[in-house]
Amino acid sequence: INGHTQLISSIAISPNNAYVITGSYDNTAKIWDIYTGQLKHTCIGHTSPIRYITISEDNSYMTTCSLDMVVKTWDIETGQLLQTAVGYTH
């Protein structure tokens, strides 16, 4: 099965309309080919549900923000993690 194992909590469509990205309460983001419906990549690394997804204007990378107070940047074409930024609360 390719889909999420829990509810989808966020969704974004790439500016070129080639990809749809879904974030979930299963702590993953999935990159889907919008034309074929096929899963391209599953991005694993958050420890809490993903709440926000943004996609760069050039369609090359995306960021995910999770309730774990972490923002991650991913390469859309490969699904590889590029960068992690950790936040904190007082």
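Everything numeric in this text was worked out from a predicted model, so none of it was measured. (Residues numbered from 1 in each chain as written. Predicted model: local features only at pLDDT ≥ 70, side-chain atom pairs only at ≥ 80, totals over all residues. Heavy atoms only, no water.)

K.L.:
Lay out the sheet that holds strand 8 (residues 81–86) in plain terms, naming residues and giving numbers.
P.N.:
Pairing within the open sheet is antiparallel, and its 4 strands lie in the order 5-6-7-8. Edge strands, defined here as strands with exactly one partner in the open sheet, are strand 5 (50–55) and strand 8. In this sheet, adjacent strand axes meet at a mean angle of 20° when their direction is disregarded. The pairing of strand 7 (residues 70–75) with strand 8 spans 5 bridges and is classified as antiparallel. Bridge assignment links Val-71 to a residue of strand 8, and that residue is Ala-85. (Pairing = 2+ DSSP bridges. Helix = DSSP H or I, 4+ residues; strand = E, 2+ residues; numbered from the N terminus. Axes fitted to C-alpha atoms, helices over the stretch in contact; angles between N-to-C directions.)

K.L.:
Pulling in residues and values, what's your account of the sheet that holds strand 3 (residues 28–33)?
P.N.:
The antiparallel open sheet is built from 4 strands, whose spatial order is 1-2-3-4. Only two strands of the sheet have a single neighbouring strand rather than two, namely strand 1 (8–13) and strand 4 (39–44). When the angles between neighbouring strand axes are averaged without regard to direction, this sheet yields 20°. Alignment of strand 1 against strand 2 (residues 19–24), held across 5 bridges, turns out to be antiparallel. Bridge pairing in strand 2 places Ala-12 opposite Ile-21.

Purely geometric stuff here, so don't read any function into it on its own.
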